[in-house]
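Given next are the chains, with one letter for each unit.
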Amino acid sequence: MDSSRLKGRPSFPFETIAVAVAFSPKLEAIMHEARQLADNFKAKLLLIHVGTHTAEKEASLAAICTNLKINREVRTVWAGGDTVSTLLETCKQHMVDLLILSARRRENVFRYYLGSVARGLSRRAKCSLLLLTEPKVTGTSFRKIVVDCVEHPKTIHALNTAFYFAEGVKSLDIMAIREVDQSGLAMAMSDDSTSGERTRVKEQLIIDAQEKLHELTSGRSSEKPAVQTAALSGRPGFTIRKYAEECGADLLVIHSPDGRYRLMDRIFTHDLEHILEHLPCNMLIVHARIGDAT
Amino acid sequence: MAKLQPNDLVTLLLAISIILILSRIASEIGKKIGLPMVMGELIIGVILGPTLLGTIAPEFYRTLFPFAENSNFSLALDAIFSLSVILLLFVAGLELRFSLFLRHGRVAISTGIGSMVLPFASGFALAWFFPQWFSVTGGGPTHLLFALFLGTAMAISALPVIARILLDMKLLKTEIGAVIIASAVLNDVIGWIVFSFILSMVGQNNGHGSVVLSIVSIAAFATFMLVFGRFVINRILPWIQTKLSWPGGVLALSLGLCLLSAAFTEYIHIHAILGAFIAGLAIGDSVYLREQAREIMHQFVTNFFAPLFFVSIGLKVNFIENFDLTIVTLVLVLAFAGKVVGAGIGARLGGMSGRHALAVGFGLNARGAMEIILGSLAYEAGLINHAVFVALIVMALVTSISSAPLMRLFLEKK
């Protein structure tokens, strides 16, 4: 399949949804979640397993499909090789729009520095990723969605995709959040500023952020989901993670990173790394495919 | 234990209070006409020091600052000045976030490298091939160290000055502002590490073994603090900020860790400033450090210790006697050309337009208080002579004052 067709392809609608099948105790739950999402978005379902193809695994997968009444046409891809690379390649070949996988909420130190499958995919995937921290056999309700509206060209795509997703799963609330990084302010204003000036500068940053949020969200239907906006002071990535945790969000939506994150990014943690080291809830990483060549 | 005599204490307290009050008045006046705060402090140093007061009223000068006559006074004030520079480097590190550099990818990398390599290479080459231009004897044991120092002095930037300029121009939170800040972070982190290496070499008499030992010690300490130290800080800071009294707990821990690191690096024959700087980097990078705590530390250091340190510079050197127009011009041309061209090329290669690349170059050209601290430490270590020291201070002031209007010129030109 010509993978260059992915270039410029919008991040939604979700025509093909894939599931990374890991034969873990969460398999049935994640299959249920995938079926529900495929039903909601009227998407084709693709099951991808990276590992040895055995009759036992095939039987187990068939049993789950039967149990969950997955009666639409489901394709299963069995492939070998490096998990991350193979999943990425398979998604590209099958024009996957959304890849669903199970992810740990918190990583131990060893895994943090070496990187998990979810981490590898989050940085390199050419499709959107849905990381489910606690998939349920009864299905997750994505009532409250928090969207990271950081200053970036990809943010509008992430927000649009969040609205599409929210409509599909019948969410109640969307909170558009912009983080205002105050790095440099203490240093710039430490010597020759009055307290009034300092307060004014900080308030102005928040006002500017709120105005930009209103520009982004204006003109959207206000019935369901209800849209709220907030500008928060703090470190990008970390602040929205804390916010999503504290407000009990069911889904955090962010845009995909611009480049690959490496070991240095994990040592000097920033942005997405703050979220991945401790997922506050389920997470949707929207890949906008702006200018993707592959 | 040796003690200050009551009269010594009176003189010391009088000197400190005069420094603080006069420098604050000068800074506030300077602020009204748009001059950096450090300029007011330096001017007070020049007025109170040998340049003016020492010439006009030598008796009064000797009564107020009896450096030569009273060793107790001299020692006590020197300890305060040393503590000041250690804490200044600590708060400089506190505000540097290496992740800012990583976040902005290609353009920050090329600008950061460009704004370091060319200034360093040009400064080093000029000092190496033409030491006589700086009144330095070529081929001597300090020739190489002087060349390395001049390269480093040209390569660093003054993040506080740059941040202030960007804030005033409403550019701090824009892409161009982020690139300038990220590049300045790289300049400062590498610049101060290289400078610590140079200072450690001054102290170790230049043997080959000591070069390797210095490099290994610096690398091991920085790695330990930035990986293991940060890991520990990230785990104990939330506890300290919630369970201990606020802000006493976090202030005591942060300043204690700063002085502990400074003591350790001094003990292993690297200068104390590196320990303080790296401790600042490790603490400042933590997401758990509240912005208010950061502000308190900044206020405490920049409003008490910084005036003492910058005024002390004027107390040490006679600026009129040591002003050498040739060296000042040379240092100024070197500073402007190296930084603006180097950073400009880097930003251009990173994908910025020519106009924006030049604005980035002029933005990074501001050297401010960081250059003055660097020059002062090099002067104390005997790396540079009076004339080069004065030239570096003039350069720091000129680059800081000219940075904003020159940036504006290129950003507003359509």
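None of the values given here were measured: they were computed from a predicted structure. (Residues numbered from 1 in each chain as written. Chains lettered and ligands numbered in written order. Predicted model: local features only at pLDDT ≥ 70, side-chain atom pairs only at ≥ 80, totals over all residues.)

**Quick notes on the overall build of chain A**
No. 1: Scanning chain A from terminus to terminus reveals eleven helices and ten strands.
No. 2: Counting the 294 residues in chain A, one finds 43% classified as buried.
No. 3: Contacts in chain A between residues at least 24 apart in sequence constitute 83% of all its contacts with a sequence separation of at least 6. (Helix = DSSP H or I, 4+ residues; strand = E, 2+ residues; numbered from the N terminus. Buried ≥ 20, exposed ≤ 12 C-beta atoms within 10 Å, placed from the backbone. Contact = placed C-beta atoms within 7 Å.)

**A closer look at the overall build of chain B**
No. 1: Looking only at helices and strands, chain B features 18 helices and zero strands.
No. 2: Overall, chain B is about 65 × 60 × 50 Å in size when its C-alpha atoms are taken along their principal axes.
No. 3: Per-residue burial over chain B gives 53% buried out of 414 residues.

**A short note on the sheet that holds strand β8 (residues 226-233) of chain A**
Residues and elements named next belong to chain A.
No. 1: Strand order in this open sheet of ten strands is β3-β2-β1-β4-β5-β10-β9-β6-β7-β8, and the pairing throughout is mixed. Every other strand in the sheet has two partners, leaving β3 (74-79) and β8 as the edge strands with one partner each. Geometrically, the sheet is characterised by an average inter-axis angle of 20 degrees between neighbouring strands, direction not taken into account.
No. 2: The pairing of strand β5 (residues 128-132) with strand β10 (residues 282-286) spans three bridges and is antiparallel. From the neighbouring strand, L129 faces β10, where its bridge partner is I285. (Pairing = 2+ DSSP bridges. Axes fitted to C-alpha atoms, helices over the stretch in contact; angles between N-to-C directions.)

**A word on the domain arrangement of chain B**
Residue and element names in this part refer to chain B.
No. 1: Each assigned domain of chain B is listed here: domain 1 (6-79) and domain 2 (84-310 + 319-412).
No. 2: Summarising the inter-unit geometry, the C-alpha centres of domain 1 and domain 2 are found 26 Å apart.
No. 3: Facing the 14 residues of domain 1 at the interface are 13 residues of domain 2.
No. 4: Secondary-structure elements contributing two or more residues to the side of domain 1 that touches domain 2 are α1 (6-32) and α2 (37-48).
No. 5: Element by element, the count of residues in the side of domain 1 that touches domain 2 is highest for α2, at six residues. (Domains from an automatic or database assignment.)

**Observations regarding the confidence of the model for chain B**
Residues and elements named next belong to chain B.
No. 1: On average, residues of chain B score 87 in pLDDT, and 97% of them reach the 70 mark or higher.
No. 2: Element-level mean pLDDT values for chain B span from 73 in helix α6 (residues 98-103) up to 94 in helix α15 (residues 325-349).
No. 3: Here the predicted complex carries an ipTM of 0.73, next to a pTM of 0.83. (pLDDT = per-residue confidence, 0-100.)

**Considerations on the interface of chain B and chain A**
No. 1: Counting from both sides, the interface comprises 29 residues of chain B and, opposite them, 23 residues of chain A.
No. 2: Within the residue set of the side of chain B that touches chain A, elements represented by two or more residues are α1, α6, α9 (159-168) and α14 (291-316) of chain B.
No. 3: Residue contributions to the side of chain B that touches chain A peak at seven residues, all from α14(B).
No. 4: Class assignment of the residues belonging to the side of chain B that touches chain A gives a composition of twelve nonpolar, seven polar and ten charged. (Nonpolar A, V, L, I, M, F, W, Y, C, P; charged D, E, K, R; others polar.)

**So, the packing of α1(B) against α2(B)**
All names here are of chain B.
No. 1: At a minimum axis distance of 8 Å, the contact between α1 and α2 shows a crossing angle of 135 degrees. In terms of orientation, α1 lies oblique with respect to α2. Where α1 crosses over α2, the two elements pack in a sense that is right-handed. Each of L22, S23, A26, S27, I29, G30 and K31 in α1 lies in contact with α2, whose residues at this interface are M37, M39, G40, E41, I43 and I44.
No. 2: When its residues are assigned to classes, the contact of α1 with α2 shows seven nonpolar, four polar and two charged. (Parallel < 35°, antiparallel > 145°, perpendicular 65-115°, else oblique. Left-handed = near helix turned anticlockwise from the far one by under 90°.)

**Some details on the pairing of β10(A)**
Successive residues of a regular strand alternate their side chains across the two faces of the sheet.
Residue and element names in this part refer to chain A.
No. 1: Summarising burial for β10: five of the five residues are buried, a large majority.
No. 2: The alternating pattern of β10 places N282, L284 and V286 and M283 and I285 on opposite faces, both of which are buried.
No. 3: Relative to β10, strand β9 (residues 251-255) runs parallel, the two being bridged by five bridges. For I254, the partnering residue across the bridge sits in β10 and is I285.

**Examining unusual backbone geometry**
No. 1: Residue A:F12 is joined to A:P13 through a cis peptide bond whose omega torsion reads 5 degrees.
No. 2: Tracing the backbone shows A:P13 in the segment before β1 (16-20).
No. 3: One non-glycine residue, A:M95, adopts positive backbone phi at about 50 degrees.
No. 4: A positive phi is found at B:H269, a non-glycine position, where the angle reads about 70 degrees.
No. 5: With respect to the helices and strands, the residue B:H269 is situated in the loop between α12 (248-267) and α13 (272-284).
No. 6: The class of B:H269 is partly exposed, set by 15 C-beta atoms lying within 10 Å.

**A closer look at the packing of α9(B) against helix α18 (residues 386-412) of chain B**
Residues and elements named next belong to chain B.
No. 1: At their nearest, the axes of α9 and α18 sit 10 Å apart, and the two run at 35 degrees to each other. Here α9 and α18 pass one another in a crossing that is right-handed. Contacts between α9 and α18 involve V161, I165 and D168 on the former and, on the latter, S400, S403, A404 and M407.
No. 2: For the contact of α9 with α18, the class distribution of residues is four nonpolar, two polar and one charged.

**Examining the pairing of strand β2 (residues 44-50) of chain A**
Residues and elements named next belong to chain A.
No. 1: Extensive coverage of β2 is indicated by the burial of five of its seven residues.
No. 2: A crossover connection joins β1 to the parallel β2 through helix α1 (residues 27-41); in handedness this β-α-β unit is right-handed.
No. 3: Here six bridges tie β2 to β3, and the two strands are oriented parallel to one another. Looking at the pairing, H49 lines up with W78 of β3. (Right-handed = clockwise from strand over helix to strand, strands pointing away.)

**Describing the nonpolar core**
In a soluble, globular protein the nonpolar side chains are often hidden away together inside.
Residue and element names in this part refer to chain B.
No. 1: In this structure, L88, I162 and A276 are the most contacted members of the largest nonpolar core, which totals 152 residues.
No. 2: Sorting elements by how many residues they give to this core places helix α10 (residues 175-203) first, with 16 residues.
No. 3: Both domain 1 (6-79) and domain 2 (84-310 + 319-412) contribute no fewer than three residues apiece to this core. (Core = buried A, V, L, I, M, F, W, Y, C linked by C-beta atoms within 7 Å.)

**Description of the confidence of the model for chain A**
No. 1: For chain A, per-residue confidence averages 84 on the pLDDT scale, and 87% of positions sit at 70 or higher.
No. 2: At the level of individual helices and strands, chain A shows its lowest average pLDDT in helix α4 (residues 109-114) of chain A, which scores 54, and its highest in strand β6 (residues 144-148) of chain A, which scores 95.

**Overview of α1(B)**
Residues and elements named next belong to chain B.
No. 1: Given a rise of 1.5 Å per residue, 27 residues ought to cover 39 Å, and the 39 Å separating the end C-alpha atoms of α1 matches this to within 8%.
No. 2: Three or more residues of α1 are buried, namely T11, A15, I19, S23, A26 and S27.
No. 3: The secondary structure elements touched by the buried residues of α1 are α2, α4 (58-64), α5 (71-94) and α14.
No. 4: Once α1 ends, the next one or two residues include G34, with phi positive near 80 degrees. (Expected span 1.5 Å × (residues − 1).)

**A closer look at α14(B)**
No. 1: For α14(B), which comprises 26 residues, the first-to-last C-alpha distance of 36 Å matches the rise-based estimate of 38 Å (1.5 Å per residue) to within 8%.
No. 2: Of all the bends in α14(B), the greatest, near 40 degrees, is centred on B:A306, and the proline B:P307 appears no more than four residues after it. (Bend = angle between axes of the 7 residues up to and from the residue.)

**Quick word on the environment of B:F98**
No. 1: Looking at where B:F98 falls in the secondary structure, it is placed in helix α6.
No. 2: Note on B:F98: 19 C-beta atoms within 10 Å, which makes it partly exposed.
No. 3: Measuring from C-alpha to C-alpha, the distance between B:F98 and B:F310 comes to 27 Å, with 212 residues separating the pair along the chain.
No. 4: If near-sequence neighbours (up to four positions away) are discounted, B:F98 is found in contact with A:F268, B:V185, B:V189 and B:D285.

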